[in-house]
Amino acid sequence: MLKDITLGQYFPGTTLAHRLDPRTKLLCVLCYIVAIFACHSVWGYGAVIVTLIVSAAVSRVGVKALFRGLRPVLFIVVFTAVLNLFYTPGETLWTWGVLRVTREGIRMSVAMVARIVLLITGTFLLTYTTSPIRLTDGLESLLSPLKKLRVPVHELAMMMSIALRFIPTLIEETDKIMSAQKARGADFESGGLIRRAKALLPLLVPLFISAFRRADELATAMECRCYHGGEGRTKLHVLRFAARDYLVFLLFLALAVGIVVFD
């Protein structure tokens, strides 16, 4: 299950999706999210699904890798679908005790599952094709107007970059701790859900110790390199929009506006 968590992983490549400016990809993801939550018909969801398929094909990210990240949140998806299925008022189709399935509940359940799946796969595609450093630079550039309001934009972007960078590291560390405890007789797989959750509690102490140790090592390394925040810092790679960035952004903007207006 831990190996299925792919958030924060970056797959290097030379495709069009990899070569786009990170600011373009962030804006396109924003338009994509607006389009998802503005959908109300089959045609709207179809347009979003086609956009996701084309984006995945252009980035050459495999379908298996794209949907593998859904496994850890499968429980949330199913739980959301069940809640909407049984607790949405409307025309009753089937009842059993306090449970009631309505036509509107089925429609809402399918819509919510589709939105969650499309949202997760779309955002994963962003991290798959953009390195954490470029993602940080793009986010900082987009939020740079907030510096006039004394918002610590650079520090916030740096925190996000470090968090994304260390998600795969912490997952790998957790897997190592679980393997070590399994070798000593620990059982994480048998029993019910509550028992398995209690079995994971011994992982927290060594995992937190490892996380704090890595944080301390990172802080020491940044201090040794005279890091003092974003004031006066320059960049090795300056972000510049190209013609392809304008074209791709206009396509995603047209998708969002079209669904908001016509769907």
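Above: the structure in question.
Report follows, based on the coordinates. (Residues numbered from 1 in each chain as written. Predicted model: local features only at pLDDT ≥ 70, side-chain atom pairs only at ≥ 80, totals over all residues. Heavy atoms only, no water.)

### A look at the overall build of the protein chain
Across its full length, the protein chain holds eleven helices and two strands. Sequence-ordered secondary structure for the protein chain, helices as α and strands as β, is α-α-α-α-α-β-β-α-α-α-α-α-α. In the protein chain, which comprises 263 residues, the proportion classed as buried is 34%. At a minimum sequence separation of 6, the contacts of the protein chain that also span at least 24 residues come to 73%. Put simply, the protein chain has 30 plus and 18 minus side-chain charges, and the middle of one group is 4 Å from the middle of the other. (Helix = DSSP H or I, 4+ residues; strand = E, 2+ residues; numbered from the N terminus. Buried < 20%, exposed > 50% of the residue type's maximum accessible area, 1.4 Å probe, protein only. Contact = heavy atoms within 4.5 Å. Lys, Arg positive; Asp, Glu negative; His and termini not counted. Charge placed at Lys NZ, Arg CZ, Asp CG, Glu CD.)

### Side note on the pairing of strand β2 (residues 99-102)
In the sheet, strand β1 (residues 92-96) pairs with β2 via four bridges, with the strands oriented antiparallel. Each residue of the ladder has a partner; that of Thr95, found in β2, is Arg100. (Pairing = 2+ DSSP bridges.)

### A look at helix α2 (residues 22-38)
An α-helix turns once per 3.6 residues; consequently, residues spaced three or four apart project the same way. Taking 1.5 Å of rise per residue, the 17 residues of α2 would be expected to cover 24 Å, and the 24 Å separating its terminal C-alpha atoms lies within 8% of that figure. In terms of burial, α2 is largely enclosed, as twelve of its 17 residues are buried. Burial in α2 covers these residues: Pro22, Arg23, Thr24, Lys25, Leu26, Cys28, Val29, Cys31, Tyr32, Ala35, Ile36 and Ala38. Capping the start of α2 is the job of one residue whose side-chain oxygen sits 2.8 Å from the backbone nitrogen of Arg23: Asp21. (Expected span 1.5 Å × (residues − 1). Polar contact = N/O pair within 3.5 Å; in protein donor to acceptor, adjacent residues only side chain to side chain.)

### Observations concerning the nonpolar core
Within the largest apolar cluster, 29 residues are counted, with the highest numbers of intra-cluster contacts made by Tyr32, Val48, Leu118, Phe252 and Ile259. Sorting the residues of this core by element identifies α2, α3 (42-59), α4 (63-68), α6 (103-129) and α11 (243-262) as the ones contributing at least two each. Sequence-distant contacts of Leu118, defined by excluding residues within four places in its chain, comprise Tyr32, Ile36, Tyr45, Val48, Ile49 and Leu52. Residues Leu26, Val29, Leu126 and Leu164 belong to the second largest nonpolar core, which totals five residues. (Core = buried A, V, L, I, M, F, W, Y, C linked by side-chain atoms within 4.5 Å.)

### Some remarks on the packing of aromatic side chains
With the rule as written, the count across this model stands at three aromatic pairs. Here Phe124 and Tyr128 contribute two aromatic rings whose centre-to-centre distance is 6.1 Å and whose plane-to-plane angle is 35°, an arrangement assigned as tilted. Of this pair, Phe124 and Tyr128 both sit in helix α6, four residues apart, which is roughly one turn of that helix. Residue class for Phe124 comes out buried when judged on its relative accessible area of 9%. Tyr128 gets classed as buried once you look at its relative accessible area, which sits at 0%. (Phe/Tyr/Trp six-rings, centres within 6.5 Å; stacked < 30°, edge-to-face > 60°.)

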